[in-house]
Amino acid sequence: FLSFFAAAFPKKEKDRIIEIHEDLSTRFELDLEPLIRFIFSKMEMTQNQVTKVSSFKNAISGLKDRYAKEKGRISDILEASARATNVVIQLLDEEFGLSTTQYVPSQNVLLPLFDFAHVRSFEKVLDIPPADKKKMLFWFVVASFNGIYSSSPNHKIEEDLGIVRGSKKRFPLDELLAAMKSRSPHRTSIEKGDVVQAYSNVLRGRSGKEYLMLLDILLFKNKATDWAGKPVVSEKAAIHHIFPREFLKENEENRDDRINCLGNLTFISPSVNSEIGDEPPESYLAGYAKSDASMLDQHLIPNNKKLWSVDRFDDFLEARLTLIWKRTRELLSELE
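Residues numbered from 1 in each chain as written. Predicted model: local features only at pLDDT ≥ 70, side-chain atom pairs only at ≥ 80, totals over all residues. Heavy atoms only, no water.

Asker: Which parts of the structure should I look at to understand the overall build of the protein chain?
Answerer: Secondary structure summary: the protein chain contains 18 helices and two strands in total. Here the protein chain has a C-alpha radius of gyration of 22 Å; the compact-globule value for 336 residues is 20 Å, and the two agree. Referenced to the eigenvectors of the C-alpha coordinate spread, the extents of the protein chain come out at roughly 75 × 35 × 35 Å. The buried share among the 336 residues of the protein chain stands at 53%. Contacts in the protein chain between residues far apart in sequence, at least 24 positions, make up 73% of those at least 6 positions apart. Between the centroid of the 48 positive side chains of the protein chain and the centroid of its 50 negative side chains there is a distance of 6 Å. (Helix = DSSP H or I, 4+ residues; strand = E, 2+ residues; numbered from the N terminus. Rg over C-alpha atoms; globule rule 2.2 N^0.38 Å. Buried < 20%, exposed > 50% of the residue type's maximum accessible area, 1.4 Å probe, protein only. Contact = heavy atoms within 4.5 Å. Lys, Arg positive; Asp, Glu negative; His and termini not counted. Charge placed at Lys NZ, Arg CZ, Asp CG, Glu CD.)

This is the structure in structure tokens:
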């Protein structure tokens, strides 16, 4: 795509796209695809034109004719796009602690946010009105969790970008949710059953990313530490099994949907994770909680010590998933 673009436009403009991506990739692990989708949509290309080689090649010719008399227009679009993406990434970092896309299920969810920041010409997070900020964050969480672009993304992205561009100054959350409701899985929020009944192996491939992202956000909002005295930073943390895997297997618990269930996982310091090893939670949790009385609440771990024994493992999972849901509900209420 960039080669076709470079054949029609000055090389410096292709190089600027690569430069923008390298910066975003280094800082946020942003893939090239969402950036290409966004930048060329601002040049009035459709998502089908952007993602299909034959369509893209033909569209480039039209693009060249369209901007032939506006020599600096492409450069202006690129700079405005770079500002918009940076504002959104800064917003997610400041409000959710997401300094990487490591646990973001689909980066295409960022496109309506990029577009809104572009339409409103935001240059920094402080430029975003508080009400819009909440709506943007609510949409990001719900859209990511429900995987709205997991199938047939082009039409859905095109529709959502049209909604954003047709809005009058405010982030069009209601309109985006209405469009989301019309598509499978027809959800406009995160429901209790999505969390409390989430008995699945969330560490299997990409299938559990939405749960790890949700946990990451909740720990950040709870100001959780990594049990070594520092704030949790997921990309530098280890995924910790509260009931260690080998300990569970030694006690004849071999169900992956329980061992790797969201209710059995949290993020802590890699060194602390190694130090704990295969110790059962009834042996180590009290010690860490003693050094930091708020640690259990921060990590949404049940305070009832009776649940820390292996014979109450299922009860522990149920209790912790309930705590995770309660905090999820609070977060969504704060943002609505």
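Asker: How should a negative patch on the surface be read in this particular structure?
Answerer: Residues Glu29, Asp31, Asp93, Glu94 and Glu235 make up a contiguous surface patch of negative charge. Within the secondary structure, Glu94 sits in helix α6 (residues 73–96). With a relative accessible area of 41%, Glu94 lands in the partly exposed category. (Patch = residues over 30% accessible without salt bridge, like charges linked within 9 Å, V, L, I, M, F, W, Y side chains within 5 Å. Areas by Shrake-Rupley, 256 points an atom, 1.4 Å probe, with all protein chains shown as cover. Salt bridge = Lys/Arg side-chain N within 4 Å of Asp/Glu carboxyl O.)

Asker: How should the packing of aromatic side chains be read in this particular structure?
Answerer: Aromatic ring pairs are described here by two measures, namely the spacing of the ring centres and the angle between the planes. All told, the structure shown has 15 aromatic pairs when counted by the stated rule. Ring centres of Phe40 and Phe56 lie 5.2 Å apart, and the angle between their planes is 80°; on these two criteria the pair is classed as edge-to-face. With Phe40 in helix α3 (residues 32–41) and Phe56 in helix α5 (residues 53–66), this pair connects stretches of sequence that are 16 residues apart. When sorted by exposure, Phe40 lands in the same class as Phe56, which is buried. Members of the aromatic cluster, joined through ring pairs, are Phe1, Phe5, Phe9, Phe40 and Phe56. (Phe/Tyr/Trp six-rings, centres within 6.5 Å; stacked < 30°, edge-to-face > 60°.)

Asker: Got a minute to help me understand the side chain of His118 in this structure?
Answerer: Within the element layout of this structure, His118 appears in helix α7 (residues 111–119). Apart from the residues lying within four places of it in its own chain, the contact partners of His118 are Phe38, Lys42, Ile77, Ala80, Ser81 and Ala84.

Asker: Help me understand helix α12 (residues 209–221), please; the structure alone is not making it clear to me.
Answerer: One turn of an α-helix holds 3.6 residues; hence residues three or four places apart share an orientation. Here α12 contains 13 residues, and its C-alpha end-to-end distance of 18 Å stays within 8% of the 18 Å for a straight helix at 1.5 Å per residue. Most of α12 is tucked away, with 11 of its 13 residues classed as buried. The set of residues buried in α12 consists of Lys209, Glu210, Tyr211, Leu212, Met213, Leu214, Leu215, Asp216, Ile217, Leu218 and Leu219. Of the residues trailing α12, Lys223 is marked for its positive phi of about 55°. (Expected span 1.5 Å × (residues − 1).)

Asker: What is the right way to look at the packing of α3 against α6 in this model?
Answerer: For any two helices packed against each other, one specifies the crossing angle of their axes together with the interaxial distance. Interhelical geometry of α3 versus α6 gives an angle of 130° and a closest axis separation of 10 Å. As judged from the angle between their axes, α3 and α6 are oblique. Along this stretch, α3 crosses α6, giving a crossing that reads as right-handed. Here Leu35, Phe38 and Ile39 of α3 come into contact with α6, specifically with Ile77, Leu78, Ser81, Ala84 and Thr85. Partitioned by chemical class, the residues of the contact of α3 with α6 number six nonpolar, two polar and no charged. (Axes fitted to C-alpha atoms, helices over the stretch in contact; angles between N-to-C directions. Parallel < 35°, antiparallel > 145°, perpendicular 65-115°, else oblique. Left-handed = near helix turned anticlockwise from the far one by under 90°. Nonpolar A, V, L, I, M, F, W, Y, C, P; charged D, E, K, R; others polar.)

Asker: Even after reading the chapter, I still don't get the side chain of Gln47, so can you show me in this structure?
Answerer: Note that Gln47 resides in helix α4 (residues 47–51). The exposure class of Gln47 is buried, given its relative accessible area of 0%. Residues within four places of Gln47 in sequence aside, it is in contact with Arg37, Ser41, Asn154, Ile157, Glu158 and Leu161.

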